[in-house]
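Structural overview for review
This is what each chain is made of:
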Amino acid sequence: MTHGTDSIDSPMYGTFGNGSGRSPEPEPQYSLKMFGEVVKTFRKRARLTQEQFAPLVGYSPETVASIEQGRRLPPPDFAERADSILDAFGVILAAAKHLTRRKGLASWFRQWAELELLALSLYTYECRLIPGLLQTPAYARTLFADQLPPLADEQIEAQLAARLDRQRLLHERPNTAFSFILEEHLFLRDLGGEDVTRELLDHILDLSELRNVDVQIMPLVRHHHAGLGGPVQLLETPGHQWFGYLEGQAHGQLVSDPKAISVIQMRCASMRSQALSLDDSKSLMRRMRGAR
C-alpha cells in the first residue's frame, strides 16, 4: 500500500500495467529497462554504436546490448564507467542507484516510481491522506502502524525507509515541477494526533517555499469539484509523453491511453482553478497550524 485509496475502475482508463493490457502488475524488470533506455540515449547522443561503446566501457557488445534491453543487471562498475565515457552528467549513476533500492515499495507501485525519477512535471490530487512525497516520518509511521493486516517492525522500517528515500526527489530534481492539490479535511483529521499534524503542517509549509513545489488546498466547502472521481497523479516524461496513475487499496493502475490522459488533464486543470491560490493555501495552513 503506497498511499491507500479506493480504486477508480472505468472503461475510459484503457491502458494499465505495461500499456498492453489491463493488468495492474508492472513488468518485473521495468527498472532495468528504464536504466537501459538511459544508457542507450546517452550512447546515441555520443554517436557511438554498441560495438564502439563496448570496448570503451570494458564489456562485450552482447553485454551492452543486454543491459540496454533491460535483460540483465549491469555489473557494479558499469554505471560509473558509462557515465564518465558518455559525459552523462551523473544521470547514469543516479539511475543505477534505483536498480537496488526499491525495497519497501509495493510491487504494483514500482513502475510509477521509476517514471517519477525522470519526470519533467508531476501533478498530484489527494483526498484520502497526505501524499507520500509530503509525509513526515511520524505521519508515515502512523499509516504503516495502522495497516491491516498488521506489519512486522522490520516491514514498517523498510517501508518508511523507502518512502523517505523517495522524498529526495523534491530536492534532487529542482527542475521538476511538483504540484499538489490536497483536501482541507486531510489536516482536520489529526491522523496520529495533534503533534503529528502540527509537524506535518510545518513540513508542508517549508516544502511549499521550494521554487519547484506548489501546494494548493481544496477548501472543505466547495460547490463545484472536478476531482470527485478520486485521487489521481499525472506526469510528463523528458520525451513529453504523459502518464497517469490511479491507486486502489491493493493495486495501482498506470494510464497511458491518450484519451484517458486528456480527461485527467482536464480534471487537474479544473481542480487547480477550484482550489485556493498558492498564497491563500499557505495562509490556511498557517491558521490550521496556529489552532493546534
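The following paragraphs examine the structure supplied in this document. All of these numbers come straight from a predicted model, not from anything done at the bench.

What counts and how
- Residues numbered from 1 in each chain as written.
- Predicted model: local features only at pLDDT ≥ 70, side-chain atom pairs only at ≥ 80, totals over all residues.
- Heavy atoms only, no water.
- Pairing = 2+ DSSP bridges.
- Helix = DSSP H or I, 4+ residues; strand = E, 2+ residues; numbered from the N terminus.
- Axes fitted to C-alpha atoms, helices over the stretch in contact; angles between N-to-C directions.
- Contact = heavy atoms within 4.5 Å.
- Parallel < 35°, antiparallel > 145°, perpendicular 65-115°, else oblique.
- Left-handed = near helix turned anticlockwise from the far one by under 90°.
- Phe/Tyr/Trp six-rings, centres within 6.5 Å; stacked < 30°, edge-to-face > 60°.
- Buried < 20%, exposed > 50% of the residue type's maximum accessible area, 1.4 Å probe, protein only.

For the rest of this paragraph, the subject is the sheet that holds strand β1 (residues 121–126). Across the sheet, 6 strands lie side by side as β3-β2-β1-β4-β5-β6; this open sheet has mixed pairing. Single-partner strands in this sheet number two, and they are β3 (213–218) and β6 (252–255). Here the average twist between neighbouring strands, direction ignored, is 15°. Here helix α12 (residues 258–274) sits on the sheet and contacts β1, β2 (177–183), β3, β4 (232–236), β5 (242–247) and β6; the angle it forms with β4, its principal contact strand, is near 110°.

Moving on: the packing of helix α11 (residues 194–207) against helix α13 (residues 278–290). Packing of α11 against α13 brings their axes to within 9 Å, and their N-to-C directions diverge by 155°. As the angle between them shows, α11 and α13 are arranged roughly antiparallel. Seen along the crossing, α11 lies across α13 with a hand that is left-handed. From α11, R198, L201, D202, I204 and L205 reach across to α13, where they touch K282, M285, R286, M288 and R289.

Okay, the packing of aromatic side chains next. With the rule as written, the count across this model stands at 6 aromatic pairs. Each ring, one from Y123 and one from W242, has its centre 6.3 Å from the other, and the planes form 25°; the classification is stacked. Within this pair, whereas Y123 is found in strand β1, its partner W242 is found in strand β5, the two being separated by 119 residues in sequence. What makes W242 partly exposed here is its relative accessible area of 23%. Here a set of aromatic residues connected by ring pairs shows up, and it is made of F35, F53, Y59 and F78.

Time to look at the pairing of β5. Burial of β5 is extensive: 5 of the 6 residues sit out of reach of the surface. Inspection of the sheet shows β4 paired to β5 by 4 bridges, in the antiparallel sense. Note on β5: the bridge partner recorded for L235 is F243. Where β4 folds back onto β5 in an antiparallel hairpin, the turn is made up of 5 residues, including H240, whose phi is positive at roughly 60°. Note that β5 and β6 share 4 bridges and pair antiparallel. When the bridges of β6 are listed, G244 appears paired with V255. Once β5 ends, the chain turns through 4 residues before running back antiparallel as β6.

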